[in-house]
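# Architecture and fold: a report
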Amino acid sequence: MDLTPTSEQKDIADSVAEYLSAEVPIERMRRALDGGSLVNDALWKQWASMGFFSVAVPESQGGLSLGLIEEFLMFGEFGRHLAPGPILSSVLATQLSVEAGAKELTARLVDGAERVGLRVGGTGFDVTPGGLVLSLSAEAGVLERVRSAEPVPSIDPTVALTEVEVGAEVARVHGAELQTRQWILTAAVLLGLAQTAQRQSTGYARIRQQFGKPIGSFQAVKHRCADMLTRCYVAESQLRFAAVAVSAGHSDRRVQAAAALQLALDAARENTAINIQNHGGIGFTAEHDAGLYLKRAISVQASLGAPEQWTSVLRAPALKEFE
Amino acid sequence: MHDFSSAAEEFRRTAREWLAANVPSEPRPADGDAMREFDVAWQRRQYEGGWAGIDWPAEYGGRGMSSLQQVIWFEELVNAGAPHKSVLAAGLNQIGHTLMLCGSDEQKKQHLPGILDGSVIWCQGFSESEAGSDLASLRTRARVVDDELVINGSKVWCSFGPYARMQGLLVRTGPPESRHRGLTWVIVDLRTPGVDVRPIPTIDGNAEFAEVYYDDVRVPLANVVGEIGRGWSVALSTLALERGPAFLDTKLALQMDLERLRTVAEDSGAFENPAVAAEFASLRAQTLAVRAMAYRLVSSGSGGATDQSGLAFSLYSNELRQRVSAFGLRVLGSAAARMDMWTFKWLNDFCATIAGGTSDIQRNIIAERVLELPR
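Residues numbered from 1 in each chain as written. Chains lettered and ligands numbered in written order. Predicted model: local features only at pLDDT ≥ 70, side-chain atom pairs only at ≥ 80, totals over all residues.

## Regarding the overall build of chain B
Counting secondary structure elements, chain B contains 11 helices and eight strands. In terms of C-alpha radius of gyration, chain B reaches 21 Å, essentially the compact-globule figure of 21 Å for 375 residues. The dimensions of chain B, computed from C-alpha atoms along their principal axes, are 70 × 50 × 45 Å. Buried residues in chain B amount to 45% of all 375 residues. Relative to all contacts within chain B whose residues are 6 or more apart in sequence, the contacts with residues 24 or more apart total 72%. (Helix = DSSP H or I, 4+ residues; strand = E, 2+ residues; numbered from the N terminus. Rg over C-alpha atoms; globule rule 2.2 N^0.38 Å. Buried ≥ 20, exposed ≤ 12 C-beta atoms within 10 Å, placed from the backbone. Contact = placed C-beta atoms within 7 Å.)

Below, the structure is given as structure tokens:
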């Protein structure tokens, strides 16, 4: 058991991080928010060519033939950089398509010809009319064609929220394994949000002066920053352990993934909220990025559906001994 | 990142087999000589079976294996419901490792075997009534007279002090205001004339705590670990060890404690309360993370005992111990008024956020050393 990523495992994530900082900075996203699409077809195609949607797809079907480890490390960067668009649901849909043996659909997903939003009940996350939408439960993962998608106000300005109606079913698989994968990748995104909030707070606490000294010298602020770091460390450790358990097919993989999701969710919700407090007045303004991370955390949480899905796994019996 | 190797799995299997045949079936006596003898006998049995000091170098009687195997062994101890190190904890945890890191060859040869086979019980003498979180202000004084140190003063909060024969003691050899620059770490035989060990009863009903008085206690200079005046750096390695792999056994036990409480809650019907079940689910996630952090601590590129990431792990698991115990009290309902193993544990766990540096000091250290926030 080793929970330190190798440099090969980090390769994809590192290059994605570099690309996002240079090409999709938050300032650029802010400009797009004033009308216009956050992720146009050209950008989506570019992401496809960079392998965003096909990290774990077999080489024979146009993918990179890597695994969940490389994939979750990449999703951490999506969270850290607040990457927009339905990347997570499209990656899960690609996995579904591979599992369902829908080779033609897989090819279209891999090269970015289709993007797939997420549906939770009647609510669509980054759903495109006429496009595909994924819904997930322990029972089934289902891909459907979108019949209509009526925009509704979104708490997160970087996520397009809709009331969605679906038409024909396109593909279906048993849900548990795909949902477990969703938990791992969502936990990675949430951890990324929590880590950025922690870095913002720590950076600000070092430079913001009051009473003639940096506010980071006051224990009230310093201890909050220490707690932010601890939450990230705890969630990151569990996420790594869970990703290894899922990759290796351990019998406890589902409860490990559920724990990773719960801890990452706690870290993201708490860190993005306390980050506002640490920044004071400026943190409350629309101008500051702290609010975007706060809103993304709640939006990602909502996209998971009922917490009962993973908390029921967490309170199930078993776990008599370590394996 | 990768899964357990087949060699690691094989090690776990043989550990499990040995434990199944050797873990004492009789209950551990609550206190006194019987308790001490129980703890010592269990350590002795592990030592004779070749299971003591998994990651200790072979030259000191250990197995010379990896930290990963040490963690697996700790997990299997927990799985098997084996007794904790208890009276031997200070020696097997921080003192033994401090001697390995900072002691002379002579000191290692003289003391490590007795620590590992359980024949010599150790305690630590750091805190004083006026030097708690501000450890560097300690006042217990030692003068060099010929080839001896002459010690005067007192120490408090020495865990298992009433049972110990040896002590790792931090004293002031420099001027009174020299703070961390004037300290010395020294080995003291508690049978030396002038030493007076007095038990301090604690809120959990135990008398495992002690204050120790030193009245012209003469200790050979050969007992100084490191150099005179360099005790602070030796003490820092001791304190770092308190956050390192050596203490993983009690951290890993949290998960089993929680699973036992679930059984208690199911038997009493408390688990039918959705709020209790929800709290259990949350604690399950938290205790699983303890195991993940244990393996992360011994993963490649991690600095082991002195790794700063150990700080966050320690802070978190110490506070989690209290959350698990508090959950136990909730599960007990009105039976919480009764003194039993869970109420004892709840009381005992109040020390988790005090011993080895309070959680407040731990947060300062994380903020200042890891996050580089100003002091």
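## Remarks on the overall build of chain A
Tallying secondary structure elements over chain A gives 11 helices and seven strands in all. Relative to a compact globule of 323 residues, whose C-alpha radius of gyration would be 20 Å, chain A shows 20 Å and is just as compact. C-alpha extents for chain A along the principal axes are approximately 65 × 55 × 35 Å. A separation threshold of at least 6 residues defines the contact pool for chain A, and within that pool the share at least 24 residues apart is 69%.

## Quick word on helix α6 (residues 231–241) of chain B
Gly231, Val234, Ala235, Ser237, Thr238, Ala240 and Leu241 of chain B are the residues of α6 of chain B that are buried. At its buried positions, α6 of chain B is contacted by α4 (89–102), β4 (166–172), β5 (183–189) and β8 (224–225) of chain B.

## Quick look at the interface of chain B and chain A
Interface extent is often summarised as the accessible area lost during association of the parts. In this complex, chain B contributes 39 residues to the contact, which on the side of chain A involves 37 residues. Every element with two or more residues in the side of chain B that touches chain A is listed here: α3 (67–79), α8 (274–297), α9 (309–332) and α11 (359–370) of chain B. Broken down by element, the side of chain B that touches chain A gets its largest block of residues, 13 residues, from α8 of chain B. Looking at the side of chain B that touches chain A residue by residue, the class counts come to 23 nonpolar, nine polar and seven charged. (Nonpolar A, V, L, I, M, F, W, Y, C, P; charged D, E, K, R; others polar.)

## Considerations on the packing of helix α1 (residues 6–22) of chain B against α3 of chain B
All names here are of chain B. As a packed pair, α1 and α3 sit with axes 10 Å apart at the nearest point and diverge in direction by 35°. In this structure, α1 crosses over α3, and the sense of that crossing is right-handed. Contacts between α1 and α3 involve Ala8, Phe11, Arg12, Ala15, Arg16 and Leu19 from the first element and Leu68, Gln69, Ile72, Trp73, Glu76 and Leu77 from the second. For the contact of α1 with α3, the class distribution of residues is eight nonpolar, one polar and three charged. (Axes fitted to C-alpha atoms, helices over the stretch in contact; angles between N-to-C directions. Left-handed = near helix turned anticlockwise from the far one by under 90°.)

## So, the sheet that holds strand β5 (residues 161–174) of chain A
The strands that make up a sheet are held in pairs by hydrogen bonds between backbone atoms, and each pair lies either parallel or antiparallel. Residue and element names in this part refer to chain A. Strand order in the closed barrel formed by five strands is β1-β2-β5-β4-β3, with mixed pairing between adjacent strands. Direction aside, neighbouring strands of the sheet carry axes that sit 45° apart on average. Inspection of the sheet shows strand β2 (residues 123–125) paired to β5 by three bridges, in the antiparallel sense. When the bridges of β5 are listed, threonine 123 appears paired with glutamate 163. (Pairing = 2+ DSSP bridges.)

## What about the domain arrangement of chain A?
All names here are of chain A. Taken domain by domain, chain A consists of domain 1 (7–174) and domain 2 (178–314). Here the C-alpha centroids of domain 1 and domain 2 sit 21 Å apart. Between domain 1 and domain 2, the contact holds 30 residues from the first and 29 residues from the second. Elements with a contribution of two residues or more to the side of domain 1 that touches domain 2: α4 (68–80), α5 (87–100) and β1 (116–120). (Domains from an automatic or database assignment.)

## Comments concerning the confidence of the model for chain B
When pLDDT is averaged along chain B, the result is 94; 98% of the residues meet or exceed 70. Predicted complex, confidence summary: ipTM 0.95, pTM 0.96. (pLDDT = per-residue confidence, 0-100.)

## Examining unusual backbone geometry
Positioned with a positive phi, leucine 82 of chain A is a non-glycine residue whose angle comes to about 55°. Mapped onto the secondary structure, leucine 82 of chain A falls in the loop between α4 and α5. Positive phi, close to 50°, is recorded for aspartate 216 of chain B, a residue that is not glycine. The residue aspartate 216 of chain B is located in strand β7 (residues 209–220) in this model.

## Focus: the nonpolar core
By size, the foremost hydrophobic cluster in this structure holds 156 residues, and its most contacted members are Ile184, Leu190, Ala260 and Ala264 of chain A. In terms of residue count, helix α8 (residues 219–248) of chain A provides more of this core than any other element does, 16 residues in total. (Core = buried A, V, L, I, M, F, W, Y, C linked by C-beta atoms within 7 Å.)

## Focus on the domain arrangement of chain B
When the domains of chain B are assigned, the result is domain 1 (6–116), domain 2 (122–230) and domain 3 (242–370). Look at where the C-alpha atoms of domain 2 of chain B and domain 3 of chain B centre, and you get two points 30 Å apart.

## Overview of the pairing of β4 of chain B
All names here are of chain B. Of all seven residues that make up β4, seven are buried, and the element is covered over most of its length. Here β4 shows two buried faces, one formed by Met166, Gly168, Leu170 and Arg172 and the other by Gln167, Leu169 and Val171. In this structure, strand β1 (residues 122–125) lies alongside β4, joined through four bridges in parallel fashion. Looking at β4, one finds that tryptophan 122 is bridged to methionine 166. Relative to β5, β4 is paired through seven bridges, and the arrangement is antiparallel. Across the sheet, the residue bridging to leucine 170 is tryptophan 185, located in β5.

## Side note on the pairing of strand β4 (residues 140–151) of chain A
Residue and element names in this part refer to chain A. Inspection of the sheet shows strand β3 (residues 132–136) paired to β4 by five bridges, in the antiparallel sense. Counterpart to serine 135 in the pairing with β4 is valine 142. Counted along the chain from β3 to the antiparallel partner β4, the turn is three residues long. As paired strands, β4 and β5 are joined by 10 bridges and run antiparallel to one another. What sits directly across from leucine 143, in β5, is alanine 171.

## Some thoughts on the environment of leucine 92 of chain A
All names here are of chain A. Assignment of secondary structure puts leucine 92 in helix α5. In sequence terms leucine 92 and leucine 105 are 13 residues apart; their C-alpha atoms lie 13 Å from each other. Aside from chain neighbours lying at most four places away, what touches leucine 92 is Leu134, Leu178, Arg181 and Gln182.

## A few points about the packing of helix α7 (residues 176–207) of chain A against α8 of chain A
Residues and elements named next belong to chain A. With their axes 9 Å apart at the nearest point, α7 and α8 run at an angle of 155° to one another. Classified by the angle between their axes, α7 and α8 sit roughly antiparallel to one another. Note on packing geometry: the crossing formed by α7 with α8 is left-handed. Residues Thr180, Ile184, Ala187, Ala188, Leu191, Ala194, Gln195, Ala197, Gln198, Ser201, Thr202 and Ala205 of α7 form the contact with α8, whose own contacting residues are Val221, Cys225, Met228, Leu229, Arg231, Cys232, Ala235, Glu236, Leu239, Ala242, Ala243 and Val246. (Parallel < 35°, antiparallel > 145°, perpendicular 65-115°, else oblique.)

## Points about the environment of alanine 352 of chain B
All names here are of chain B. By secondary structure assignment, the location of alanine 352 is in the loop between α10 (341–348) and α11. Overall, the presence of 18 C-beta atoms within 10 Å leaves alanine 352 in the partly exposed class. Each C-alpha atom, one on alanine 352 and one on isoleucine 187, is 26 Å from the other, the two residues being 165 residues apart in sequence. Setting aside chain neighbours within four positions, we find alanine 352 in contact with Asn318, Arg321 and Gln322.

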